[in-house]
Amino acid sequence: MNGQDYYIPAAAMAVSLACKLPALRNSWRDPLQRSVCVLLVLAGAVFTFAAPPTIHAVNHWTGVPNISAPLVYCLMTLFSASCLVLIVNWRGGPPEETRRVSRRWIVGYSAVAAVLVVLFVLGDAPDERLRDFDTYYANTPYIQILIALYLLAHSVAALTMSAMCWRWSLQVHGWLRIGLMIIVSGYGFSLAYDAAKFTAVIARWTGHDLDRLSTFVAPPLASAGALVSAVGFVLPLVCQRLSDSWQTWTTYRRLGTLWHEVRSAGPGGTPAVRMSWWTPAEIRVIQRESDIHDGFLHLGPYFDRDHRDCAYGRALAAGSDEETARAIADAAMVAAAVRARSADPEGEVIGAGEESDVAGAAGAAAGPRDLVRISHALRHSPVVAAVLRQQAGLSG
């Protein structure tokens, strides 16, 4: 692998971090947000400092041959801890328990990183090795312990992450479960990386040469594992956001029938509030709900509970459940009121005794879900059409 193979993933991590910084600034106290940002920083640092050109540059700038080795291994160790902390905070639970487990992983892996530095100082690695440090120094005192320790720490983190994500995936559904299964797959590559490295190093201990596993096979496995795991972490968050946005726009669209029906109930017609094209869907839904409730207030004097009761009875007789029958009944009453209001352009109806009906209709449509049901019934229910035909017949 050349430097480009490392720098492109590092740049992707940097872009992801830049996208997360505004959310971090607004919710710095959120452990999950902090964990995500720390993971992105460490992942980018691992890819950057593990690139052979960077390894050579750091060794040259410091004047210490192979100083990049403990640096990269410490970054990998801290990255492993950040993954564990992220999954602990993502899974949630009692805050005190989450903090205690996170602190345990952080302290443990920080101690491992410190030991790696001490072992490098005690060892002797005078010849710069850009790609095969692990196998070249596999039998060097202290350095061989350094190599075994970082691989062991990485393997423990990979096994723990795989087990935690697997158990969690059996308890959840949807995009979260898919994301967790992808993370498990990514850590499968990481475990294969550890296996290749361990095999090459142990071969050196026993006098054999399997260096190609460490030099050529392991690095692509590490990159693949990191990228696949990153997809697993990001996919549920992105897909959940897209799903929420889709649901919001769907709610906005489904409210359209009811909104158009009651908008004309205000004096002279209630003009629609003009919004910019970039206005969030959530704001549009809130405004549409507000317009509908304003229309209910203007229609109050024309609400006729007889229409509602008639439609309710017909809906139940047709086999509708209680909730659907109430929505159909409210839709029939609203539609009849709109037509009664249109037949009274001078507003001569006083309707002083109908305040309870206004409250009842507003209460029945208090939430966006109820409003959506009313809007759907208004457009599709044959009971509503039958009540309107009956009203037209009585008027005639």
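Residues numbered from 1 in each chain as written. Predicted model: local features only at pLDDT ≥ 70, side-chain atom pairs only at ≥ 80, totals over all residues. Heavy atoms only, no water.

A. Looking closely at the pattern of salt bridges. Evaluated as defined, the whole model comprises 10 salt bridges. Close ionic contact of Glu96 with Arg99 constitutes a salt bridge, the shortest N to O distance being 2.8 Å. Taken together, the residues span about one helical turn, with Glu96 and Arg99 both in helix 5 (residues 95–122) at a distance of 3 residues. On the basis of relative accessible area, Arg99 is assigned to the partly exposed category, the value being 43%. Of the charged contacts in the structure, one is a salt bridge between Asp211 and Arg204, with a shortest N-O distance of 2.6 Å. Classification of Arg204 as partly exposed rests on a relative accessible area of 29%. If you follow the salt bridges from partner to partner, you end up with Glu323, Asp370 and Arg373 in one network. (Salt bridge = Lys/Arg side-chain N within 4 Å of Asp/Glu carboxyl O. Helix = DSSP H or I, 4+ residues; strand = E, 2+ residues; numbered from the N terminus. Buried < 20%, exposed > 50% of the residue type's maximum accessible area, 1.4 Å probe, protein only.)

B. Representation of the nonpolar core within the structure. Within the largest apolar cluster, 64 residues are counted, with the highest numbers of intra-cluster contacts made by Tyr73, Ile87 and Met161. Here this core takes 14 residues from helix 4 (residues 68–91), the largest share from any one element. Counting 34 residues, the second-largest nonpolar core is a separate cluster that includes Val262, Phe303, Ala325 and Ala336. (Core = buried A, V, L, I, M, F, W, Y, C linked by side-chain atoms within 4.5 Å.)

C. Inspection of helix 3 (residues 52–62) at higher detail. Along helix 3, the residues classified as buried are Pro52, Thr54, Ile55, Ala57, Val58 and Asn59. A positive phi of about 75° marks Gly63, the residue just after helix 3.

D. The side chain of Ser102, seen in detail. Examined against the element boundaries, Ser102 turns out to sit in helix 5. A residue is classified by how much of its surface remains accessible, and Ser102, at 7% relative accessible area, is buried. Discounting chain neighbours no more than four positions away, the residues touching Ser102 are Val85, Val88 and Asn89. (Contact = heavy atoms within 4.5 Å.)

E. Main features of the packing of aromatic side chains. One pass over the structure, following the stated rule, counts 9 aromatic pairs. Ring centres of Trp90 and Trp168 lie 5.5 Å apart, and the angle between their planes is 85°; on these two criteria the pair is classed as edge-to-face. With Trp90 in helix 4 and Trp168 in helix 7 (residues 143–169), the pair connects residues that are 78 residues apart, well separated along the chain. Seen in terms of ring centroids, Tyr136 and Tyr137 are 4.9 Å apart; in terms of plane orientation they differ by 75°. Their pairing is edge-to-face. With relative accessibility at 35%, the residue Tyr136 sits in the partly exposed group. Residue classification places Tyr137 among the buried positions, given a relative accessible area of 3%. A network of ring pairs unites the aromatic residues Tyr73, Phe133, Tyr136, Tyr137 and Tyr150 as a single cluster. (Phe/Tyr/Trp six-rings, centres within 6.5 Å; stacked < 30°, edge-to-face > 60°.)

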